[in-house]
Structures are given as C-alpha cells and as structure tokens.
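# Tertiary structure, described
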Amino acid sequence: MSEKCNIDATRTDFDTLSAAASHWSAMADFRSQRERCKRYCYGRQWDDMIRVEGRMMREEDYIRSQGNIPLKNNLIRRMVRSVLGVFRNQYAYPAAERLDLPTHGAAAEAFYGRLTDNARYNRMEELHARTMEEFLISGLAVHRKSTAGAMLGRRPGDRMAGYLRTDYVAPDTFFLDVATRDFRGWDVRMVGQTHDLDFTSLCGALARNEADCRALREIYLAQSAPGAGSAIGAGGFGTVRNSPHGDFLSPSAPGLCRVIEVWTRESCERYRVHDRAAGRIYKVDASMRDSLPRGAEPMWMLDEEWHYRYLSPSGHVLAEGISPLPGGGHPYVWKAYPFIDGEIHSFVADVIDQQRHTNRLITLYDWVLRSTAKGVLLFPESALPDGVEIDDISEEWSRFNGVILFRPKAGMPLPQQVCGNASQVGITDLLDIQLKMFEDVSGVTGALEGKLTSGAVSGTLYNQQTRQAMTALLDILESYNSFILEGAILDARLLS
C-alpha cells in the first residue's frame, strides 16, 4: 500500500476537504427528509413545524394548546415490519454462480464456503435486516468493507484474521459525488464518510509510532485535552435523538475526534505495454517506462485510479495513498432508490400523507366524542321537590337502583337523559377510506399480513392474493437484493 507512515502536522489538503464538504452539504435535504421519515416510522408523527400567528411551533404543541390530545395510529411501523418479515422469509446468501468466483470446481466450492463463513462472522442476516429497515425509511443503504489493517473504530479483541469486516454506514455520515446518475454507482468520482473516534482509537487506527501520536495530539488538541468533555451525546441510551452525527466538521459528542474519510477517482498517466516475448499485455506507471524489458512496446494512455485520504476538520492529512484493495476500487457498497435523475424517494415517504390524514381523523373523532353529550340529564326546575338540591338529584341519578321524587305537572316535560350520536358525522367512513388508501399506496395489503378478508376464503385464493400482494413489493425487494449481491461480489474480490 502506497502510504506515508508518518503524520505531518503541517501537511494539509483543503481542496479535497472543501470538495467533500460541498458534496456533504448538497445532501442536506436528503438528511432532513430521512430524519422526518424516521420520526414517522418510530411514532413521532406530530413533530412537523407549522407557523401559527407568525411563530413556528410543533404540531403537537399547537394541538395541546387548543386543549386537544394529539393521537396517532402508527400504520407506518406496521407496514415496515410486514416488509421486513417478507425479507427475512426469503433472505439467502447469493448463490456461487452469481459471484464471479476466481476459481472453479472443488476450489470454487472451498472458496464459496469461505465466503459463507465470512458472512456468518459478520452476522450478515441481521445486518441486512437492519439495513433493509434503513433502506425502507431513507431510500439509501450503505455498507463499508474493511480488512484488519485498513479500518477505523475496530472493536477491542476483534479476531479478524482471515475475515473481512462489513459495517453499516449511517446515511447521515455518508456522502458521495452529487453528479452521480448511474443506478449502479459506476460513475461516482468521490465517496466517503465521517468518523467520530475517541483519541485512543484514533491513535490505534492511524499512528505508526510515538511521533504520530504526538502529531495527532497536536492536531486534535481541543478534542483530546483534559476536560474537553466525555463522549456522551444528547439524549439517553436507546432514546430519540435528533441529528446525532453533528455537522460536517464537528463531532457528534464532546471528547470525540472527527475524521473525514474521502475516496476520489483520479486520472493518472500510464503506459499499456505489449510484451511480445512474454505474450502478454499489461499496464505500468509512467515512471516505469525506462525499466521496461527490451522489445516491449509501450503506448501512452490516461488511466484512472482510486485514492484515499483521512482528513481532520482543520484540513490536515492524517493518511493518504492509492487504494490498497484488489482491483483498485473503494470499500463502499451503496444502493439508492429509485435514483431517477439522482433523486432518492423512500418507501416510507410515499405514505406519510396518508398517515397524517389518518392521525387527523382519529384526533378529530376523539374531539367529537369528548364534546358530544353523553348521559346529560335534563331536569325541569319546576319539578324539583321541596328541600331537595339539584346535586342530590345528580347523585341519585348516577347511583345504582336510585329513586328520584318529582312533581309532574300538566304540559311540563318529564326529566330525560340526552346522548349524542357521534357516528353520524362521517368520520368513520373517511377513516375507512383512508386506511384502504394506505394499503393501496404502500402495496402492503391484508393478505400479506396474514389477514383474511372473509372466513370463506379458500387456500388457493388466499395464496393467489398473497402472490399478488408480493408483486407490489417485488421492485424494492429486488433492488435491495442487488445491493446484497454487489456486497457479496466485493467480498469475493477482496478475499481472493
């Protein structure tokens, strides 16, 4: 690996840092949309900001200020769980014939066994299930492949000998070339992510000697100095946190060191060499032209190669070099959906409007029920017996086997109880329509969730309805399966 081993605290690369920051900033709308979809999926469905009399406030706060209760029925979470159940039922590691294995016969079987062992080491079924959930919420799935000698944040005691590590990358920390338009990502020219590490992990990942540790301490003086704060972010463990990854240059919590990992595809001069004596064609760097064997025929060409850089928020180069991966690529596998014209639209985002309308109808229905007369007693004042207060009448009326004395008079109405009928306002009909529209928009119908529309449905008809329900989800499931396949192909290339 072509890498400078010593960290120079004076060496900077502001051009690469500025380009990475520009691409990260260009994905701000995507990150905001992802955060909104995540809120709706996990139940915070009244957090959208609205303008009320010139000031911004949450919808939940506004509803409570009106004396109402913001109710919700989380249909999105049920929908996501149903799709995840379908995914887990059909999950399987890609077959050997789809992986372009470098060997054949018995050697190919042994190598495929090594790949499946590596998948078990990484707990890929669980990792893909959680990444699939992210894919449904945000529309972007990202994994990073790393070897024992090229990774940040390695867990203590991790035995990686002979294995390839696969890590989930949060889309909030990921950025790529915003000019990318290819669905497969083949035209991307910059890709990377942000890392937040404590100083000990940072030195363990990047320092080669004591001098490197001193250089890192000089660069990250504010983060590593005593009293800089503990690595505890806002919010408790397992609770809701907004934007937990901070901005591009700031770490997510005090006491952590922000590292920006950037991979760029850059042009370079090379020679294509035709060695007739050896009977082969190969490429060499321009600097090796004079060392070619006699009789070789060099031809100048402009080639491309991937470079990596680890940068500090102040622009210092912590490590850099040419890609050490076989084939010279980058370590990321990512899939954006549907990525038409570079746009990302998630599965959850399609049904947010239906979820909002459902919540509003439920809240309105609750308000109507609470404001409707329920058992109100109309008691004529002239019928009140002597020496009896209206409170006594009320207490006797609500008591079991109560008896109330009153003086009936001709032409005077008798005491009566009034109960309003809230079912005639049409909310239940609107709610039924909205729930049906939710199924139509999402494609997750009752048949997919195991619900029978009628007790007389035959097994054949039920299986047919289930297959038809699967058709609506086939595109997004196959799109994620292509992400699984790309990751498995990269595993085969890196382990070969």
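Residues numbered from 1 in each chain as written. Predicted model: local features only at pLDDT ≥ 70, side-chain atom pairs only at ≥ 80, totals over all residues. Heavy atoms only, no water.

### Observations regarding the overall build of the chain
In terms of regular secondary structure, the chain is built from 13 helices and 13 strands. Looking at the chain residue by residue over its 496 residues, the buried ones come to 43%. Look at the contacts in the chain between residues 6 or more apart in sequence, and 71% of them connect residues 24 or more apart. When the accessible surface of the chain is totalled, it reaches about 26,900 Å², and 52% of it is carbon and sulfur. (Helix = DSSP H or I, 4+ residues; strand = E, 2+ residues; numbered from the N terminus. Buried < 20%, exposed > 50% of the residue type's maximum accessible area, 1.4 Å probe, protein only. Contact = heavy atoms within 4.5 Å. Areas by Shrake-Rupley, 256 points an atom, 1.4 Å probe, with all protein chains shown as cover.)

### Structural notes on the sheet that holds strand β11 (residues 332-336)
Consider a sheet: its strands pair through backbone hydrogen bonds, and that pairing is either parallel or antiparallel. Strand order in this open sheet of three strands is β4-β3-β11, and the pairing throughout is antiparallel. Where the open sheet ends on each side, the last strands, each with one partner, are β4 (165-168) and β11. Across the sheet, the axes of successive neighbouring strands diverge by a mean angle of 20 degrees, strand direction being ignored. In this structure, strand β3 (residues 140-146) lies alongside β11, joined through five bridges in antiparallel fashion. The residue bridging A141 from the neighbouring strand is K335, located in β11. Of the strands in this sheet, β3, β4 and β11 touch helix α6 (residues 124-138), which is tilted by about 145 degrees from β3. (Pairing = 2+ DSSP bridges. Axes fitted to C-alpha atoms, helices over the stretch in contact; angles between N-to-C directions.)

### Concerning empty space enclosed by the protein
On inspection of all chains with the given rule, the structure shows one cavity of 30 Å³ or more. In this model, the largest cavity occupies a volume close to 90 Å³. Lining the largest cavity are 13 residues; nearest its centre among them are M124, H128, I484, G487 and A488. At five residues, helix α13 (residues 459-495) tops the list of elements feeding residues into the lining of the largest cavity. In terms of residue class, the lining of the largest cavity is made up of eight nonpolar, three polar and two charged. (1 Å grid on protein atoms, 1.4 Å probe; cavity = no way out; pocket = protein on both sides within 12 Å on 5 of 7 lines; lining within 4 Å. Points joined across faces, edges and corners; volume = space filled by probe spheres on them. Nonpolar A, V, L, I, M, F, W, Y, C, P; charged D, E, K, R; others polar.)

### Thoughts on the packing of helix α4 (residues 75-90) against helix α12 (residues 427-442)
Following both chains from N to C, one finds α4 and α12 inclined at 35 degrees, their axes separated by 12 Å at the closest point. Note on packing geometry: the crossing formed by α4 with α12 is right-handed. Residues L75, I76 and M79 of α4 form the contact with α12, whose own contacting residues are L435, F438 and S442. Tallied by class, the residues present in the contact of α4 with α12 amount to five nonpolar, one polar and no charged. (Left-handed = near helix turned anticlockwise from the far one by under 90°.)

### Structural notes on the pairing of strand β6 (residues 190-197)
By the criterion of burial, β6 is predominantly enclosed, with seven of the eight residues buried. Strand direction decides the pairing type here: strand β5 (residues 174-176) and β6, joined by three bridges, are antiparallel. When the sheet's bridge partners are listed, L176 is paired in β6 with V191. Pairing geometry for β6 and strand β7 (residues 257-275), over eight bridges, is antiparallel.

### Brief notes about the packing of aromatic side chains
A complete count under the given rule lists 13 aromatic pairs for this structure. Their ring planes at 75 degrees and their centres at 5.8 Å tell us that W334 and F339 sit as a pair that is edge-to-face. Just as W334 is buried, F339 falls in that class too. Among the aromatic residues, ring-to-ring pairing joins F87, Y91, F135, Y337, Y480 and F483 into one connected group. The ring of W24 has R31 sitting right over it, with the charged end atom 3.5 Å from the ring centre. One cation-aromatic arrangement involves R184 over W186; the distance from NZ or CZ to the ring centre is 3.8 Å. (Phe/Tyr/Trp six-rings, centres within 6.5 Å; stacked < 30°, edge-to-face > 60°. Lys NZ or Arg CZ within 6 Å of the ring centre and 35° of its normal.)

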